[in-house]
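Read off the chains here:
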Amino acid sequence: MVRLFKHYVPHAVLLLGLVDAVLLMLSAEAGWVARAYQIGMDMPPVSDRLPQLLSFAAALQVALVAVGAYGVGSFLSLRFAAARLAVAVSLGALFLSVLYFMVPSISFWRSNLLYSMAFACVGLVGVRALLGRALGGETFKRRVVVLGAGRRAAQIRDLAAQPGANFIAAGFVAMSESAPVVAGARPRESIVNLAAYVTSLRASEVVMALEERRNALPLADLLRVKTTGVQVCEISTFLERETGRIDLASVNPSWLIFSDGFASGRMVSGVVKRAFDIVASLILLVLTLPLVLLAALAVKLESRGPAFYRQTRVGLYNQDFGILKLRSMRVDAEVAGQAQWATQNDPRVTCVGRFIRKVRIDELPQAWTVLKGEMSFVGPRPERRQFVHELEQQLPYYAERHMVKPGITGWAQINYPYGASVEDARHKLEYDLYYAKNYSPFLDLLILLQTLRVVIWPTGAR
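Residues numbered from 1 in each chain as written. Predicted model: local features only at pLDDT ≥ 70, side-chain atom pairs only at ≥ 80, totals over all residues. Heavy atoms only, no water.

**A word on the overall build of the protein**
Right, on to step 1. A count of helical and extended segments in the protein gives 17 helices and eleven strands.
Right, on to step 2. Along the first, second and third principal axes, the C-alpha set of the protein runs to 75 × 70 × 40 Å.
Right, on to step 3. Put simply, the protein has 462 residues, and 48% of those count as buried.
Right, on to step 4. Partitioning the contacts of the protein with sequence separation of at least 6, the portion at a separation of at least 24 is 75%.
Right, on to step 5. In the structure as shown, the protein presents an accessible area of about 22600 Å², 64% of it carried by carbon and sulfur atoms.
Right, on to step 6. Each charge class in the protein was averaged separately, 50 positive and 35 negative side chains, and the resulting centres sit 3 Å apart. (Helix = DSSP H or I, 4+ residues; strand = E, 2+ residues; numbered from the N terminus. Buried < 20%, exposed > 50% of the residue type's maximum accessible area, 1.4 Å probe, protein only. Contact = heavy atoms within 4.5 Å. Areas by Shrake-Rupley, 256 points an atom, 1.4 Å probe, with all protein chains shown as cover. Lys, Arg positive; Asp, Glu negative; His and termini not counted. Charge placed at Lys NZ, Arg CZ, Asp CG, Glu CD.)

In structure tokens, the structure reads:
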């Protein structure tokens, strides 16, 4: 994987993105040339229309990221990829319409744009038909040797077996575990030279997955492996990179303290983030006001009670604040004010409420909370105090998620369905900790774009 701005991107995804960027530039140029040839127009140098070509490619590339066209499914199924591409091209056309309205000087003629879109559609599908399987195959996967054969090693084995995994478990070495779990693991005693064994398996990385590290680290072995040029990695770091989350089952306080992340030099990033929140929340409030008022009217007409409600949540540094949302449940949804988890097909949700939850309209009034500075657009979702007390007692490191400002959307929201239990909260906490550890404006931008995918293809909204 390649680490961009503290976020891990698989080599196959990066390569496909670069191929797409070149393809979109060529499609834009081909559309312009085709139209110019059709009307008998002389063709000026490419440099004269470079802004148009770049704007076309950038808008469609952003749309591809937004709809999840670089997800695992795009490498495994051409039908899945084609469906995402169709939505991406439509969304790209919408982006270009807004861009051309704001900056007319870089706009294409409509006929040029039509031809370029056609070339782009054919090219994008063709690239995935030709390269999709190869990019998702073993060619771009790293070969990994795992030191350990217990429960942690089995976790890596299961991860390698999942569709879209970015590595191959080339071998497991049993390091005198009392109860080996991984079948076929080779005992360390049967290997004369571990470094030579790793090299013979063509492995580029060794992962330590020992059940007990105290007085058990094979330092001499690891040193010899390292000096052969093979990367040596601890399981918590490996799982963070491969899954995009902090694995609570393997992590320990010392790893969180000494690993890369939670950087203090966030002053500039924080200023940029706050400036974006102010500008974006103002624009969102103005643009969505008619939609919010219409939804509020529908809520009032369907059931008695206020259209909006304010609820106390836990925010930055464990401080309470009020969150504003459109009401999607009956006014008597909670008996005696006791917080309850939402459930699948929750009977407390009204018909209008079910719709506005699906398309996330109920979240729009939170832009006012963002403008006030109590929330950000991107960050861990704030929970109610009662749930926080419960989860802090059951989940390690839960309090650490309050070290960053809560958000309307977040890394957990785009990677995990709606959480309605302690186990769901555990999985979402792993993503929240990853965000808190690896925060950057790049990751914020990626989350904002991917939120469109969640809105278009809702998963688990309750």
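**Brief notes about the environment of K325**
Right, on to step 1. By the element assignment, K325 lies in strand β9 (residues 320–326).
Right, on to step 2. Among the residues examined, K325 registers a relative accessible area of 10% and is labelled buried.
Right, on to step 3. Separated by 119 residues in sequence, K325 and D444 place their C-alpha atoms 23 Å apart.
Right, on to step 4. Among residues more than four places away in sequence, those in contact with K325 are A307, F308, Y309, D362, E363, P365, Q366 and R381.

**Looking at the pairing of strand β6 (residues 205–208)**
Right, on to step 1. Residues of β6 alternate between two faces, with E205 and V207 on one and V206 and M208 on the opposite face, all of them buried.
Right, on to step 2. In this structure, strand β3 (residues 142–147) lies alongside β6, joined through four bridges in parallel fashion. Counterpart to V144 in the pairing with β6 is E205.
Right, on to step 3. Sheet topology places β6 next to strand β7 (residues 231–234); four bridges connect them, and they run parallel. Looking across to β7, one finds that V207 is bridged to C233. (Pairing = 2+ DSSP bridges.)

**A short note on the side chain of S236**
Right, on to step 1. Inspection of the secondary structure assignment puts S236 in helix α9 (residues 235–243).
Right, on to step 2. Its relative accessible area of 2% is what places S236 among the buried residues.

**A closer look at the nonpolar core**
Right, on to step 1. Core analysis: the largest hydrophobic core is formed by 36 residues, its most contacted members being I246, V251, W411, Y435, L443 and I447.
Right, on to step 2. Elements that contribute at least two residues to this core include exactly α10 (253–258), β9, β10 (376–378), α14 (385–394), α15 (411–415), α16 (422–438) and α17 (441–456).
Right, on to step 3. A total of six residues in this core trace back to one element, the largest contributor, which is α16.
Right, on to step 4. Residues in contact with L443, not counting those within four places in the same chain, are H7, W411, Y434, Y435 and N438.
Right, on to step 5. Listed in part, the 34 residues of the second largest apolar core include A12, A28, L60 and V89. (Core = buried A, V, L, I, M, F, W, Y, C linked by side-chain atoms within 4.5 Å.)

**Describing the sheet that holds strand β4 (residues 167–174)**
Each strand in a sheet pairs with its neighbour through backbone hydrogen bonds, running either in the same direction (parallel) or in the opposite one (antiparallel).
Right, on to step 1. Spatial strand order, β5-β4-β3-β6-β7: five strands in an open sheet with parallel pairing. Each edge of the open sheet carries a strand with a single partner, namely β5 (186–187) and β7.
Right, on to step 2. With six bridges connecting them, β3 and β4 associate as parallel partners. Bridge pairing in β4 places L147 opposite V173.
Right, on to step 3. Packing of helix α6 (residues 151–160) onto the sheet brings it into contact with β3, β4 and β6, and relative to β4 it is tilted by some 155°.
Right, on to step 4. The strands that α9 touches are β3, β4, β6 and β7; relative to β7, the one it contacts most, it runs at about 95°. (Axes fitted to C-alpha atoms, helices over the stretch in contact; angles between N-to-C directions.)

**Observations concerning the packing of α16 against α17**
Right, on to step 1. Their axes nearest at 9 Å, the elements α16 and α17 cross at an angle of 140°. By the angle between their axes, α16 is oblique relative to α17. Touching Y434, Y435 and N438 of α16 are L443, D444 and I447, all from α17.
Right, on to step 2. Residue classes in the contact of α16 with α17 are distributed as four nonpolar, one polar and one charged. (Parallel < 35°, antiparallel > 145°, perpendicular 65-115°, else oblique. Nonpolar A, V, L, I, M, F, W, Y, C, P; charged D, E, K, R; others polar.)

**What to know about the environment of L449**
Right, on to step 1. Assignment of secondary structure puts L449 in helix α17.
Right, on to step 2. Here L449 falls in the buried class, since its relative accessible area comes to 17%.
Right, on to step 3. Separated by 97 residues in the primary sequence, L449 and V352 place their C-alpha atoms 26 Å from one another.
Right, on to step 4. When near neighbours in sequence (up to four residues on either side) are disregarded, L449 contacts V62, V65 and A66.

**Overview of a nonpolar patch on the surface**
Right, on to step 1. Residues I278, V279, L282, I283, V286 and L287 make up a contiguous nonpolar surface patch of roughly 570 Å² in combined accessible area.
Right, on to step 2. With respect to the element layout, I283 can be found in helix α11 (residues 267–302).
Right, on to step 3. The exposure class of I283 is partly exposed, given its relative accessible area of 47%. (Patch = residues over 30% accessible without salt bridge, like charges linked within 9 Å, V, L, I, M, F, W, Y side chains within 5 Å. Salt bridge = Lys/Arg side-chain N within 4 Å of Asp/Glu carboxyl O.)

**Focus: α11**
For an α-helix, the turn length of 3.6 residues means that residues three or four places apart are oriented alike.
Right, on to step 1. Maximal helix bending in α11 amounts to about 55°, located at T288; proline P290 follows within four positions.
Right, on to step 2. Of all the residues in α11, the buried ones are S269, K273, D277, A280, S281, T288, V292, A295, A296 and V299. (Bend = angle between axes of the 7 residues up to and from the residue.)

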